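Here is what each chain is made of, one letter per residue.
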Amino acid sequence: MYCCGAQPRCDRHDAPFASSGPAITLKFPVADEDDLAFADQVRQLHRDIPCYLQPVNATPAAPHPAGANGVDIEALTEKYRWLVDQVSQKGWFDVRVVPQWHVHVWGNLRGV
């Protein structure tokens, strides 16, 4: 595997690319408590694998003029806050909560 697409080691990194991070991660889209419980079950089985949670765009708004289904950004932001609060209250400090940036940028447009 090549670091930065050019060589096994690049000018910006002292270590080989393969050792710069985990080979796999767990990522779960979360829409509700059931999704959160499932993510917890799996993460408990694989404590050594980094875990990421993302709020789901569950309430799309009106269609986007470019042909994509729209996104209710306010509802998505509220879902993000709910997810951050849940993770914090549960003390899951080894979990990362990240937004689905592709949804913010392109809505529900497929293939981007």
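Parameters at a glance
Residues numbered from 1 in each chain as written. Predicted model: local features only at pLDDT ≥ 70, side-chain atom pairs only at ≥ 80, totals over all residues. Heavy atoms only, no water. Salt bridge = Lys/Arg side-chain N within 4 Å of Asp/Glu carboxyl O. Helix = DSSP H or I, 4+ residues; strand = E, 2+ residues; numbered from the N terminus. Buried < 20%, exposed > 50% of the residue type's maximum accessible area, 1.4 Å probe, protein only. Phe/Tyr/Trp six-rings, centres within 6.5 Å; stacked < 30°, edge-to-face > 60°. Lys NZ or Arg CZ within 6 Å of the ring centre and 35° of its normal. Patch = residues over 30% accessible without salt bridge, like charges linked within 9 Å, V, L, I, M, F, W, Y side chains within 5 Å. Areas by Shrake-Rupley, 256 points an atom, 1.4 Å probe, with all protein chains shown as cover. Core = buried A, V, L, I, M, F, W, Y, C linked by side-chain atoms within 4.5 Å. Contact = heavy atoms within 4.5 Å. Pairing = 2+ DSSP bridges. Right-handed = clockwise from strand over helix to strand, strands pointing away.

**Let's talk about the pattern of salt bridges**
- By the definition in use, this model includes four salt bridges.
- With its nearest N and O atoms 3.7 Å apart, the salt bridge here joins Asp94 to Arg47. Of this pair, Asp94 sits in the loop between helix H2 (73-90) and strand S3 (95-97) while Arg47 sits in the loop between helix H1 (33-45) and strand S2 (51-55), placing them 47 residues apart in sequence.
- Residue Asp94 is classed as partly exposed on the basis of its relative accessible area of 38%.
- A relative accessible area of 48% places Arg47 in the partly exposed class.
- Three or more residues are tied together by salt bridges with common partners; here these are Asp40, Arg43, Arg47 and Asp94.

**Some remarks on the packing of aromatic side chains**
- Counted under the stated rule, the structure contains one aromatic pair.
- Ring centres of Phe28 and Phe38 lie 5.9 Å apart, and the angle between their planes is 80°; this geometry places the pair in the edge-to-face category. A residue pair is termed long-range when its members are at least 10 positions apart, and Phe28 in strand S1 (residues 26-30) and Phe38 in helix H1 qualify at 10 residues.
- One cation-aromatic arrangement involves Arg43 over Trp92; the distance from NZ or CZ to the ring centre is 4.4 Å.
- Sitting over the face of the ring of Trp82, Lys79 holds its NZ or CZ atom 5.0 Å from the ring centroid.

**Here's the deal with a nonpolar patch on the surface**
- Taken together, the side chains of Val105, Trp106, Leu109 and Val112 present a nonpolar region at the surface, about 380 Å² in accessible area.
- Within the element layout of this structure, Val112 appears in the segment after helix H3 (101-106).
- On the basis of relative accessible area, Val112 is assigned to the exposed category, the value being 53%.

**Some words on the nonpolar core**
- Core analysis: the largest hydrophobic core is formed by 14 residues, its most contacted members being Phe28 and Leu53.
- For this core, the secondary structure elements donating two or more residues are S1, H1, S2, H2 and S3.
- Filtering out sequence-adjacent residues up to four positions away, Leu53 remains in contact with Phe28, Val30, Leu36, Ala39, Leu83, Val87, Trp92, Val95, Arg96, Val97 and Val98.

**Thoughts on the environment of Trp82**
- Looking at the secondary structure, you find Trp82 in helix H2.
- Looking at Trp82, the relative accessible area reads 23%, which means it is partly exposed.
- When residues no more than four places from it in sequence are discounted, the contact partners of Trp82 are Val30, Asp32, Glu33 and Leu36.

**Quick look at the pairing of S1**
- Burial along S1 is one-sided: the residues Leu26, Phe28 and Val30 are buried and none of Lys27 and Pro29 is.
- As judged from the five bridges shared by S1 and S2, these two strands associate in the parallel manner. Bridging across to S2, Phe28 finds its partner in Leu53.
- Following the backbone out of S1, through H1 and into the adjacent parallel S2, one traces a crossover that is right-handed.

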